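So the chains spell out like this:
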Amino acid sequence: MYSSHRTTVSFLVALFSIAGTINFIEAARNNRHVTCGTVLKLVNTDYKVRLHSHDVKYGTGSGQQSVTATELQEDVNSHWAVKAATGKHCERGEPVKCGDTIRLHHLATNKNLHSHHFQSPLSGNQEISAYGDEHGEGDSGDHWLVVCSGDSWVRTNPVRLQHIDTNMYLGVSGRTFGRPINGQMEVIGLPNPYSGTEWIAAEGLFIHPTEKDSGAHVHTEL
């Protein structure tokens, strides 16, 4: 009798496990959008490098925390959280719409993706930095316009990020740094949305829009 009961319980556990896996796969399939609260890595489609930062300051320009791009997929310093503009609110799990203004918050250092009228160190384009106080709050220089086609930011589609204050597009110059960030590429602001300015959502933790109140999420390898 006991053996029969244990077999039944084991069967039910396996059944629920399979059902849960199916639901997870279905959620991942349906969760096509980048949403508010998403933590992701952004890959430049031309250079195949991930947007990156670290606690290393520029030796020229603003002297703020540097922002680069790396070929390494696994680096934890490439995680960025999607947030609303300073002083604004976006509902967790709500799809980011084309034309929305967002902040990208660097998880490892508590800074925001930022730009301003300083020259980048290698190519002399506009500098991109990471900026913010100990609470992760910065200013309007942290605001980026999501430029994409359609209604919302779809994970599989490339987007451009245009800096609100200066109208420059987030891009990669193709030039690489020496020490202490040897081999990492220069990230810059460009006046025209051409080569090196398209980005696509790669690995991340994506909040599922239809289940945002329950805290459900879809995770791809970070």
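Computed from a predicted structure; not experimentally measured.

A. Molecular detail of the overall build of the chain. The helix and strand inventory of the chain stands at one helix and 13 strands. Across the chain, helices and strands are ordered from the amino to the carboxyl terminus as α-β-β-β-β-β-β-β-β-β-β-β-β-β. Within the chain, contacts between residues at least 6 apart in sequence are counted, and of these 63% link residues at least 24 apart.

B. Representation of the state of the cysteines in the model. Tallied over the entire structure, the rule returns two disulfides. For Cys36, the disulfide goes to Cys90, at an S-S distance of 1.9 Å. Residues Cys36 and Cys90 share a disulfide whose torsion about the S-S bond is about 60°; that sign makes it right-handed. One end of the pair, Cys36, is in the loop between helix H1 (2-30) and strand E1 (39-44); the other, Cys90, is in the loop between strand E4 (80-84) and strand E5 (101-106), and 54 residues separate them in sequence.

C. Summary view of the pairing of strand E7 (residues 126-131). Of all the six residues making up E7, five are buried; the element is thus mostly covered by neighbouring parts of the structure. Alignment of E7 against strand E11 (residues 185-190), held across two bridges, turns out to be antiparallel. Pairing of Glu127 across the sheet is with Ile188, part of E11.

D. Representation of the pattern of salt bridges in the model. Within the structure shown, the criterion is met by four salt bridges. With a closest N to O distance of 2.6 Å, Glu203 and Arg50 form a salt bridge. Residue Glu203 is found in strand E12 (residues 199-207), and its partner Arg50 is found in strand E2 (residues 50-57); the two are separated by 153 residues along the sequence. The residue Lys57 makes a salt bridge to Asp55 at a minimum N-O spacing of 3.9 Å. Classification of Lys57 as exposed rests on a relative accessible area of 56%.

E. Structural context of the environment of Gln64. For Gln64, the position within the fold is in the loop between E2 and strand E3 (65-70). Accessibility expressed as a relative area gives 18% for Gln64, which makes it buried. Distance in space between the C-alpha atoms of Gln64 and Ser129 is 6.1 Å, their sequence separation being 65 residues. Beyond its immediate sequence surroundings of up to four residues, Gln64 is in contact with Val56, Lys57, Tyr58, His114, His116, Ser129, Ala130 and Tyr131.

Procedures and definitions
Along each chain, numbering runs from 1 in the same order as the chain's sequence is written. Where local features are concerned, this predicted model is filtered to residues with pLDDT of at least 70; where side-chain atom pairs are given and counted, the filter is 80 or more; whole-chain, interface and lining totals use all residues. Each side-chain value is derived from all of the structure's non-hydrogen atoms; neither hydrogens nor water enter the calculation. Comment: elements are numbered from the N terminus, with helices defined as DSSP H or I runs of at least four residues and strands as E runs of at least two. Between two residues, a contact is recorded if the distance between any of their heavy atoms is within 4.5 Å. Working definition: a disulfide is two cysteine sulfur atoms within 2.5 Å of each other. Think of it in three bands: with a 1.4 Å probe and only protein chains considered, a residue is buried below 20% of the maximum accessible area for its type, exposed above 50%, and partly exposed in between. Here, any two strands with at least 2 DSSP bridges between them count as paired. Whenever a carboxyl oxygen of Asp or Glu lies within 4 Å of a side-chain nitrogen of Lys or Arg, that contact is scored as a salt bridge.

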